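Geometric and topological summary
Here are the chains, one letter per residue:
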Amino acid sequence: MRDKPFEIILFGPPASGKGTQAKLLADTFKIPHISTGDLLRAIKSDKSNPLSQELSDLMDNGKLVSDELISKMVAERIKADDCRFGFILDGYPRTEEQVKDLEKISNIDYVFLIDVNDKAVIERISGRRSCKNGHVWHTKYSPTKEDGVCDTCGEELYIRDDDNEDKITKRLEIYHGNTDPILNFYKKQNKLIRIDGDQHIEIVFRSMIKDLVEDLRAQLGTK
Ligand SMILES: [Zn+2]
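Calculation notes
Residues numbered from 1 in each chain as written. Predicted model: local features only at pLDDT ≥ 70, side-chain atom pairs only at ≥ 80, totals over all residues. Heavy atoms only, no water. 1 Å grid on protein atoms, 1.4 Å probe; cavity = no way out; pocket = protein on both sides within 12 Å on 5 of 7 lines; lining within 4 Å. Points joined across faces, edges and corners; volume = space filled by probe spheres on them. Helix = DSSP H or I, 4+ residues; strand = E, 2+ residues; numbered from the N terminus. Nonpolar A, V, L, I, M, F, W, Y, C, P; charged D, E, K, R; others polar. Donors = N, O, S within 2.8 Å, 3.2 Å for Na, K, Ca; no water. Tetrahedral: all angles 85-135°; square planar, octahedral: opposite > 155°, others 65-115°. Axes fitted to C-alpha atoms, helices over the stretch in contact; angles between N-to-C directions. Left-handed = near helix turned anticlockwise from the far one by under 90°. Contact = heavy atoms within 4.5 Å. Expected span 1.5 Å × (residues − 1). Buried < 20%, exposed > 50% of the residue type's maximum accessible area, 1.4 Å probe, protein only. Phe/Tyr/Trp six-rings, centres within 6.5 Å; stacked < 30°, edge-to-face > 60°. Core = buried A, V, L, I, M, F, W, Y, C linked by side-chain atoms within 4.5 Å. Pairing = 2+ DSSP bridges. pLDDT = per-residue confidence, 0-100.

1. Details of the layout of surface pockets
When its volume is computed, the largest pocket comes out at roughly 1400 Å³. Residue assignment for the lining of the largest pocket shows that the elements contributing at least two residues are strand E1 (6-11), helix H1 (18-29), strand E2 (33-35), helix H2 (36-45), helix H4 (67-78), helix H6 (118-126), helix H7 (165-188) and helix H8 (201-220). Counting residues per element, the lining of the largest pocket draws most heavily on H7, at six residues. Per-class residue counts for the lining of the largest pocket are 18 nonpolar, 19 polar and 10 charged.

Shown next, in the form of structure tokens:
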């Protein structure tokens, strides 16, 4: 057996529940969930980190963090001791350049795609209703007792700007443009496992575990 059996990447469109699944996997296998968004924020706010200033300059001015810099931070992160039994990447790699960087520093075992079709993503997001206190409801999946009024605090509900259909459609275009070539790359390597994300959270998670266990059994010759 390799000493790093679980180097995993999770992909999924917005509102696919990817973050939730990453946390469940991390808890189950006792390996860290590395979300690039969280990692960037953590390094930015850690003034003792030599990259903190550079990140602040970029992020506070709304500038993009380069592939090179992101890859450098991920490379540092996965060298940490808590990654010795593996890790789960969420939000990385996002470009083909980042895939090349990751190939140099890792040995990815599994790439999961939590697959939710565009129509369902649009329905999941455009049905969201929020109040000014941050309570979020959904017209279909968690409706309030009274239309347009928050059950928790009684405030008026509205559609967040990011949740309108045009914005979601744009985000999906960007997602597919970036992600589809990356998924193809891992598909060719036989590492891509597609999970139907249009199921209950628990079922999605069980499907991932089932595929992992079957593959491990096959590797160990116990199947
Ligand atoms: Zn509320």
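2. Focus on the coordination of the zinc ion
Summarising the metal site, the zinc ion is bound by the protein donors Cys131 (SG), His135 (ND1), Cys150 (SG) and Cys153 (SG), whose distances to it range over 2.1 to 2.3 Å. Classification of the site at the zinc ion as tetrahedral follows from its four donor atoms and the range of 100 to 118 degrees in their angles at the metal. Read in sequence order, the donor residues coordinating the zinc ion give the pattern C-x3-H-x14-C-x2-C. One end of the pair, Cys131, is in the loop between strand E5 (128-130) and strand E6 (136-138); the other, Cys150, is in the loop between E6 and H7, and 19 residues separate them in sequence.

3. Regarding the packing of H2 against helix H3 (residues 52-59)
Helix-helix packing: each pair is described by the crossing angle between the helix axes and the interaxial distance. Relative to each other, H2 and H3 sit at 115 degrees, their axes nearing to 7 Å. Where H2 crosses over H3, the handedness of that crossing is left-handed. Packed against H2, whose contacting residues are Leu40, Ile43 and Lys44, the element H3 presents Ser52, Leu55, Ser56 and Met59 at the interface. A class-by-class count of the residues in the contact of H2 with H3 yields four nonpolar, two polar and one charged.

4. Re H4
Here H4 is 12 residues long and its end C-alpha atoms lie 16 Å apart, about the 16 Å a rise of 1.5 Å per residue gives. For H4, the set of buried residues is Leu69, Ile70, Ser71, Met73, Val74, Ala75 and Ile78. Those residues of H4 hidden inside the fold are in contact with E2, H2, H3, strand E3 (86-90) and helix H5 (96-105).

5. Quick notes on the packing of aromatic side chains
Counted by the stated rule, this structure contains four aromatic pairs. Ring centres 6.4 Å apart and planes at 20 degrees place the aromatic pair Tyr110 and Phe112 in the stacked group. With respect to burial, Tyr110 and Phe112 carry one shared label: buried. Ring geometry for Phe185 versus Tyr186: centroids 5.1 Å apart, planes at 80 degrees, classification edge-to-face.

6. Describing the packing of H5 against H7
Viewed as axis vectors pointing N to C, H5 and H7 meet at an angle of 35 degrees, and their least axial separation amounts to 9 Å. Between H5 and H7, the contacting residues are Glu96, Val99, Leu102 and Glu103 on the first element and Pro181, Ile182, Phe185 and Tyr186 on the second. A breakdown of the residues in the contact of H5 with H7 according to their chemical character gives six nonpolar, no polar and two charged.

7. So, the nonpolar core
Ranked by size, the top nonpolar core spans 28 residues in total, and within it Ile9, Phe11, Met73, Leu89 and Tyr186 carry the most contacts. Top contributing element to this core by residue count: H4, with five residues. If you look at the next biggest cluster of nonpolar residues, it comprises 19 residues, including Leu10, Leu25, Tyr110 and Phe205.

8. Quick look at the sheet that holds E1
Pairing is parallel in the open sheet, where five strands are placed in the order E2-E3-E1-E4-E7. Each edge of the open sheet carries a strand with a single partner, namely E2 and strand E7 (192-196). Across the sheet, the mean angle separating the axes of adjacent strands is 25 degrees when strand polarity is ignored. Pairing analysis gives four bridges linking E1 to strand E4 (residues 110-115), with the strands arranged parallel. Bridge assignment links Ile9 to a residue of E4, and that residue is Val111. Running over the sheet, H2 touches E2 and E3 and is turned about 75 degrees from E2.

9. Examining the environment of Leu183
Considering the arrangement of structural elements, one finds Leu183 in helix H7. Separated by 11 residues in sequence, Leu183 and Arg194 have C-alpha atoms that sit 9.9 Å apart. If near-sequence neighbours (up to four positions away) are discounted, Leu183 is found in contact with Phe11, Leu113 and Leu192.

10. What to know about the confidence of the model for the protein
Looking at the protein as a whole, the pLDDT averages 93, with 97% of positions reaching at least 70. Looking across the protein, the model is least confident in H8, with a mean pLDDT of 90, and most confident in E2, with 97.

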